[in-house]
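A closer look at the structure
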Amino acid sequence: MSPAAAKETARPAVPAPAAAPELGVLTRSVRELRALGDERHLSLSEAEWAAVQARFKTLKREPTLAEIETIAQTWSEHCKHKTFTSPIRLSEGRRTRTIKNLFQETIAAATAAAKKPWCLSVFEDNAGVVAFGRKWALAFKAETHNHPSALEPYGGAETGVGGVIRDVLGCGLGAKPVLNTDVFCFARPDYRGPLPEGALHPSRTMRGVVAGVRDYGNRMGIPTAGGGIWFDDDYRLNPLVFCGTVGLLPAKAVKKEVKPGDLIVVAGGRTGRDGLHGATFSSAVLGDDAPGSAVQIGHAIAEKRVLDALLRARDRSLYRSVTDCGAGGLSSAVGELGADCGARVRLEDVPLKAADLESWEIWLSESQERMVLAVPPKDLKALQAVFAAEGCETAAIGEFTRDGRLRVVHHDEGVVDLDMKFLHKGLPREVRRAEWTPPPPQKASGGAAKRLGEILREAIADANVCSREWVIRQYDHEVQAGTVIKPLQGVRHDGPGDACVIWPHAATGDLEDRAGFSVAHGLNPEYGRLDPYWMAMACVDEALRNLTCVGADPSRAALLDNFCWPSPDDPKQLGALVRAAEGCRDAAKGFRAPFISGKDSLYNESKDEKGRPLPIPGTLLISALAPVPDVRRAVTMDFKGPGNALYLLGRTNDELGGSLCHRLLGRTGGEVPKASPAVTLEGLRSLHAAITKSLVLSAHDLSEGGLAVAAAEMGFSGEFGAVIDLDEIPRDPRIYSNETLLFSESAGRILVEVAPENESAFLRHFGKGAKAAPVRRVGQTTANPILKIVGLDGSTVMEEPLRELKEAWQRTLPAMLA
Amino acid sequence: MSAVRVQPVSTHLIEIRLRPEFADAEGAEALARLRAEGLSALKDVRVSRLYEIKGAITATQVQQAARELLCDAVTQESRVVNPGTPPLNGMNFWRVEVWPKPTVADPPGETVRDAIAEMGLPRPDSVRCALVYRLLGRSSRAVIEKAVEKALANPLIHRFVVSEAHP
């Protein structure tokens with residue numbers, strides 16, 4: 001008999017769990033069960049109820065409430081990503097094909113194809129991990145916290161940040177968070193339209209979310225930088241809150257392993273009634289019956305204590321594995337850690353906030369700031385001492401076994417006795433239907449013509465372009481003292497940066513190591529309205545360009561995907577989702593950038609004031625992380641002086657579909673920007689080589705508003721003007737319009753400032769062939785802060801004072817919030 | 001019979017407010033938001049914090065905690081609030097208390113509870129922390145309740161009490 005087995009027999013045998021008579025799973029029909037389950041916010045479908053029923057019929061007993069809740073949590077969309085892993089029948093026009101597993105065939109396939117040896121852990125752990133130098137690794141994770149933030153913006157955003165920090169903390173043997181990065185999608189805060197009863201006004205949502213992100217990040221001493229905001233009124237009932245964290249861990253702490261006999265130790269906050277049903281709740285369409293218990297308030301100071309204690313224990317190798325207590329609470333944390341061996345838990349040993357909690361409540365509670373560790377029995381004392389020194393509670397609540405079962409008892413009463421295999425592999429796969437109709441090619445039409453200068457003024461003051469200073473200034477982006485390139489740049493520290501560059505010397509303790517990293521995002525739901533495939537391409541393209549602009553290495557970029565979609569039960573929405581996922585796959589293959597982690601949030605749909613469904617536009621956030629080989633070579637986006645050459649990298653096409661310019665003119669149709677990854681990647685690599693040789697003074701990517709907006713931003717941030725000759729732009733020869741050249745949002749373009757003496761050295765980095773990325777001198781910077789554009793016919797078509805543009809750019813957000 | 005006198009469990013309410021001579025930024029923000037929700041006659045809002053301390057702790061000990069822990073003696077003052085109807089002046093003053101619901105976690109309250117114990121005082125059973133808004137301006141209870149619900153409190157996690165109050 002093995003020692004572990006001997007120990008098992010020493011304890012009293014686990015009694016069979018007592019049934020929950022009120023459910024009657026064995027006797028009721030599947031439909032009745034579903035209705036009953038929906039009342040309890042279980043979100044199990046009829047087929048899933050049937051599987052549960054069949055399972056317990058073979059066991060010849062009624063399931064307990066805790067068992068049903070455990071199954072519902074484990075099988076929820078939130079935990080198992082059912083849509084992304086179920087078979088899908090996709091009809092495209094007349095063709096129909098079957099996708100066996102969307103995730104495996106798109107995102108994971110692209111990563112496998114990239115074969116990057118520096119990807120240390122992908123899609124397995126709580127976060128993706130890439131190598132960072134020889135000794136270190138970076139863990140990166142971004143996820144959403146949309147539903148809670150819609151109900152209680154401050155608490156929802158706070159716990160979103162807290163959750164993703166714990167993800168990184170529970171990645172490998174624990175990573176030290178070195179950067180928070182947050183992206184939001186809101187309705188405009190000055191929204192004046194009607195809202196249904198009980199819905200929070202977008203302005204309140206925005207203030208609350210920003211305050212929550214600010215307070216949690218600032219209190220934990222983690223810099224918050226490099227985020228973004230997108231405004232669209234279709235987000236008014238379902239705001240999107242993406243929280244991301246980068247953590248640094250020693251390369252040798254990436255692998256973790258649970259051994260049977262290890263103790264299950266819960267560390268951090270106490271367990272209370274808060275946050276019940278978070279995972280199942282987030283897998284349902286929002287209605288007015290949302291449970292108040294799903295919303296929580298974060299406790300940043302408690303999490304900071306857990307963080308400090310955990311990292312100290314990690315460095316002393318006091319535990320073998322760790323994970324965070326997120327959605328599903330102990331049930332999913334213990335279930336995950338013990339998935340390959342088995343676990344036995346005694347609920348009476350869990351430290352509680354209130355004494356009157358029922359067994360299933362303790363087991364499922366999503367109380368924040370808790371971590372679960374696998375601790376060898378000999379290290380328990382030392383571990384508890386480390387945590388106690390931080391004023392942080394720990395309790396051994398059971399042990400990992402080798403019998404492949406999940407067993408939970410409460411005061412010698414059986415609560416859960418489930419087979420790990422059934423729990424993790426027993427989920428029935430339903431075939432889903434999806435539809436995709438390619439949009440017919442549409443010529444741009446409608447709208448009124450405007451003067452070019454007028455379009456630029458409106459574009460620069462647009463909600464999706466304007467200054468985010470009001471938000472950024474609330475965040476502490478300087479703490480840990482490694483923010484080399486800050487979110488606001490330029491001579492007055494108020495220009496819009498492409499990405500931030502972090503030099504994590506405070507975490508590595510090595511001042512000689514000048515390597516840093518950069519994080520950037522790409523998001524544009526406007527393109528997705530026309531074609532989600534090209535939206536995905538454009539998002540990857542934009543994220544990589546942003547990284548390259550600040551000096552990060554585009555050939556070492558790792559990606560995260562975050563899909564936020566309306567209900568996938570609608571075949572059209574699911575078709576669009578498939579299309580976006582395929583865009584991700586092709587972009588990742590084309591740019592040779594692997595996905596390392598990701599998340600999806602579906603059912604972002606609510607009933608509006610008249611009871612009609614209001615879905616969000618299908619939204620994809622691509623977050624990219626890449627190392628900056630030497631932070632001293634990092635580049636900002638502001639013009640550095642007069643008389644410098646301006647080069648435009650990338651080709652301009654007539655791609656105004658979904659563009660800001662079209663929206664301002666009230667025009668519809670047109671071509672959505674189509675990225676060409678191979679050519680762009682070559683251009684980005686060349687530009688990166690030039691940046692590492694210090695041949696580039698500033699670089700800025702062209703996104704919303706195209707060349708005109710990018711040039712204006714670079715100009716007013718550096719307080720120098722520019723003259724740009726549109727005839728010099730590398731372009732589709734069929735373009736005859738100045739407006740198209742100025743405002744087209746073609747992908748893959750970057751405006752670069754180069755000192756005259758370095759021009760030939762700069763150009764030597766770029767290839768010459770027909771397939772090489774085009775780069776051409778399009779103008780120069782001037783001392784007078786005026787943006788002057790020379791049109792195709794050689795006449796001056798625009799002359800705008802940059803100071804006025806900047807004022808308009810800065811005025812918008814405060815005015816919307818006033 | 002035990003000779004040890006057991007301190008009975010009691011509830012104390014302590015309010016910490018900014019001294020009137022200091023500008024109240026939180027109050028100004030609340031004023032702007034309440035005005036935007038239709039309370040245009042509002043003239044001023046002052047914000048203070050209210051701590052409900054429950055446990056085997058005496059009034060003197062609570063006052064010590066209020067003075068030494070909860071209150072910044074330069075800018076703030078503390079006072080004991082007596083439960084029950086406050087004296088009315090019949091006109092322009094309103095008091096809004098926003099409490100976290102009992103099921104909702106209260107991190108400031110938890111921190112205060114631990115900190116009181118660290119001062120060497122008896123550890124309270126629970127501490128809850130509320131925000132108090134003192135409103136100056138003519139209005140009616142119904143109108144204030146509606147505005148508070150939209151601007152200051154989220155009914156999902158907060159309960160609030162609006163009362164006519166002495167300034």
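These notes cover the structure that comes with them.

1. Side note on the overall build of chain A
- Each helix and strand counted, chain A has 28 helices and 33 strands in total.
- Compactness check: chain A gives a C-alpha radius of gyration of 27 Å against a globular reference of 28 Å for 818 residues, within 12% of the reference.
- For chain A, the spread of C-alpha atoms along the principal axes amounts to about 90 × 60 × 50 Å.

2. A word on the interface of chain B and chain A
- Of the residues lining the interface, nine residues belong to chain B; the matching set on chain A comes to 13 residues.
- In terms of residue class, the side of chain B that touches chain A is built from five nonpolar, three polar and one charged.

3. Some thoughts on unusual backbone geometry
Residues and elements named next belong to chain A.
- You will see that Gln480, though not glycine, has its phi angle at about 75°, which is positive.
- By the element assignment, Gln480 lies in the loop between helix H18 (469–472) and strand E17 (483–485).
- One non-glycine residue with positive phi stands out, namely His493, at about 55°.

4. Some details on the environment of Lys589 of chain A
All names here are of chain A.
- Locating Lys589 in the fold gives a position in helix H22 (residues 571–591).
- Measuring from C-alpha to C-alpha, the distance between Lys589 and Ser29 comes to 48 Å, with 560 residues separating the pair along the chain.
- Excluding its chain neighbours within four sequence positions, the residues that come into contact with Lys589 are Ala110 and Ala113.

5. Considering the nonpolar core
- Counting residues in hydrophobic clusters, the biggest one holds 240 residues, and the most contacted among them are Leu138, Val540, Leu559 and Leu625 of chain A.
- When we break this core down by domain, the ones giving at least three residues each are domain 1 (1–75 + 256–429) and domain 2 (637–818) of chain A.
- Residues in contact with Leu138 of chain A, not counting those within four places in the same chain, are Val129, Val130, Phe132, Val246, Leu248, Phe517 and Leu625 of chain A.
- Core analysis: the second largest hydrophobic core is formed by 33 residues, Val45, Val47, Trp99 and Cys129 of chain B among them.

6. Remarks on the pairing of strand E6 (residues 176–186) of chain A
Residue and element names in this part refer to chain A.
- In terms of burial, E6 is a largely internal element, 11 of the 11 residues being buried.
- Sheet analysis places E6 next to strand E8 (residues 240–250), joined by nine bridges and oriented antiparallel. The partner of Cys185 across the bridge, within E8, is Leu240.
- In this structure, E6 lies alongside strand E7 (residues 228–231), joined through four bridges in parallel fashion. By the bridge assignment, Phe186 is partnered in E7 with Phe231.

7. Some points on H22 of chain A
- Taking 1.5 Å per residue, 21 residues should reach 30 Å; H22 of chain A reaches 30 Å between its end C-alpha atoms and fits that length.
- The element H22 of chain A is largely enclosed, with a buried count of 16 among its 21 residues.

Calculation notes
Residues numbered from 1 in each chain as written. Chains lettered and ligands numbered in written order. Predicted model: local features only at pLDDT ≥ 70, side-chain atom pairs only at ≥ 80, totals over all residues. Helix = DSSP H or I, 4+ residues; strand = E, 2+ residues; numbered from the N terminus. Rg over C-alpha atoms; globule rule 2.2 N^0.38 Å. Contact = placed C-beta atoms within 7 Å. Nonpolar A, V, L, I, M, F, W, Y, C, P; charged D, E, K, R; others polar. Core = buried A, V, L, I, M, F, W, Y, C linked by C-beta atoms within 7 Å. Buried ≥ 20, exposed ≤ 12 C-beta atoms within 10 Å, placed from the backbone. Domains from an automatic or database assignment. Pairing = 2+ DSSP bridges. Expected span 1.5 Å × (residues − 1).

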